[in-house]
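Close look at the chain arrangement
Here is what each chain is made of, one letter per residue.
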Amino acid sequence: MIQPTLDSLRTFLHILAVCVWLGGQIVLAGVVPKLRKTNPDALSDIAKGFAAIAWPAMILIVFTGAWGLAEIDTADQSSAYMVTFGIKMLLVGTAIIATLIHSTGTSKIAKGLGGAIGLLATLFAAYCGVLLAHVG
Ligand code: HEM
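The paragraphs below set out a description of the structure included in this document.

Things to note about the overall build of the chain
Broken down by element type, the chain carries 4 helices and 0 strands. Taking the principal axes of its C-alpha atoms as reference, the chain extends roughly 55 × 35 × 20 Å. Across the 136 residues that make up the chain, the buried fraction comes to 29%. Across the chain, the fraction of contacts at a sequence separation of at least 24, relative to all contacts at a separation of at least 6, is 72%.

Concerning the coordination of the iron atom of the ligand
Within the first shell, the iron atom of the ligand binds the protein through His14 (NE2) and Lys88 (NZ), at distances of 1.8 to 2.1 Å. Around the iron atom of the ligand sit 6 donor atoms; with metal-centred angles ranging over 83 to 178 degrees, the donor geometry is octahedral. Within this pair, whereas His14 is found in helix α1 (residues 6–38), its partner Lys88 is found in helix α3 (residues 79–104), the two being separated by 74 residues in sequence. Like Lys88, His14 is buried.

Thoughts on the side chain of Gln25
Looking at where Gln25 falls in the secondary structure, it is placed in helix α1. If near-sequence neighbours (up to four positions away) are discounted, Gln25 is found in contact with Phe50, Gly115, Gly118, Leu119 and Thr122.

Here's the deal with the nonpolar core
Ala17, Trp21, Leu28, Val32, Leu35, Ala42, Leu43, Phe50, Ala54, Ala57, Met58 and Ile61 form the largest nonpolar core, which has 12 residues in total. If you look at the next biggest cluster of nonpolar residues, it comprises 6 residues, including Leu91, Ala95, Ala121 and Cys128.

Notes on the site of the ligand
The full set close to the ligand counts 23 residues, and His14, Ile61, Tyr81, Lys88 and His134 are the nearest of them. In this structure, a nitrogen atom belonging to the ligand sits 2.9 Å away from a side-chain N or O atom of His14. Its residues assigned to classes, the shell around the ligand comprises 15 nonpolar, 7 polar and 1 charged.

Description of the packing of aromatic side chains
To describe a pair of aromatic rings, you give the distance between the ring centres and the angle between the ring planes. As enumerated under the stated definition, the model contains 2 aromatic pairs in all. Where Trp21 meets Trp55, the ring centres are 4.9 Å apart and the plane angle is 70 degrees; that geometry is what we call edge-to-face. Residue Trp21 is located in helix α1, and its partner Trp55 is located in helix α2 (residues 43–71); the two are separated by 34 residues in the primary sequence. Trp21 gets classed as buried once you look at its relative accessible area, which sits at 1%. On the numbers, 6.0 Å between centres and 50 degrees between planes, the contact of Phe63 with Trp67 is tilted. In this pair, Phe63 and Trp67 both sit in helix α2, 4 residues apart, roughly one turn of the helix. Arg10 extends its terminal NZ or CZ atom over the ring of Trp67, reaching a point 5.8 Å from the ring centre.

With respect to the packing of α1 against helix α4 (residues 108–134)
A packed helix pair is summarised by two numbers, namely the angle formed by the two axes and the spacing between the axes. Where α1 meets α4, the axes come as close as 10 Å, and the angle between the chain directions of the two elements is 135 degrees. Taken together, α1 and α4 sit at an angle that is classed as oblique. When the axes of α1 and α4 are compared, the crossing they make is left-handed. Contacts between α1 and α4 involve Trp21, Leu22, Gln25 and Ile26 from the first element and Gly115, Gly118, Leu119, Thr122, Leu123 and Ala126 from the second.

The rules behind these values
Residues numbered from 1 in each chain as written. Predicted model: local features only at pLDDT ≥ 70, side-chain atom pairs only at ≥ 80, totals over all residues. Heavy atoms only, no water. Helix = DSSP H or I, 4+ residues; strand = E, 2+ residues; numbered from the N terminus. Buried < 20%, exposed > 50% of the residue type's maximum accessible area, 1.4 Å probe, protein only. Contact = heavy atoms within 4.5 Å. Donors = N, O, S within 2.8 Å, 3.2 Å for Na, K, Ca; no water. Tetrahedral: all angles 85-135°; square planar, octahedral: opposite > 155°, others 65-115°. Core = buried A, V, L, I, M, F, W, Y, C linked by side-chain atoms within 4.5 Å. Near = heavy atom within 4 Å. Polar contact = N/O pair within 3.5 Å; in protein donor to acceptor, adjacent residues only side chain to side chain. Nonpolar A, V, L, I, M, F, W, Y, C, P; charged D, E, K, R; others polar. Phe/Tyr/Trp six-rings, centres within 6.5 Å; stacked < 30°, edge-to-face > 60°. Lys NZ or Arg CZ within 6 Å of the ring centre and 35° of its normal. Axes fitted to C-alpha atoms, helices over the stretch in contact; angles between N-to-C directions. Parallel < 35°, antiparallel > 145°, perpendicular 65-115°, else oblique. Left-handed = near helix turned anticlockwise from the far one by under 90°.

Structure below.
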């Protein structure tokens, strides 16, 4: 058996939290339109239920991400790596702000655009993460 390491545990927790935040949004994107037709009253409970696990997941993402960053000697990294990391952080900030607008907004446009931008920014942040870890 390969010996577990703290690094691998940190990466596992980072990916697990991303699965909850990103995977949950993708699943809801499939479920919500159907529910809106068949059982619109259930929507706010679904949203509250997801938010109750999604935001703690985002806290875990940021914690394990910052921990991962602390383990990396940024002076040793290429400018391409640092630019990619900078773009990823911009996308993460956009994802958090857009999702906050989606969850607190009352208008259709705030909910629709906030949700769409939040999901897209998270998708691109995830790809930047893979570039950092596996190409960088
Ligand atoms: C929406 C938010 C985020 C998503 C979707 C995301 C996604 C990912 C993914 C998929 C990986 C690759 C894991 C692997 O295969 O090893 C990764 C790695 C990483 N992420 Fe994130 N991440 C997010 C936020 C953050 C934040 C906020 C930070 C820092 C504060 C961060 C720092 C890192 C670092 C340092 C790595 C490892 C890079 C390396 O191994 O060189 N991430 N991220």
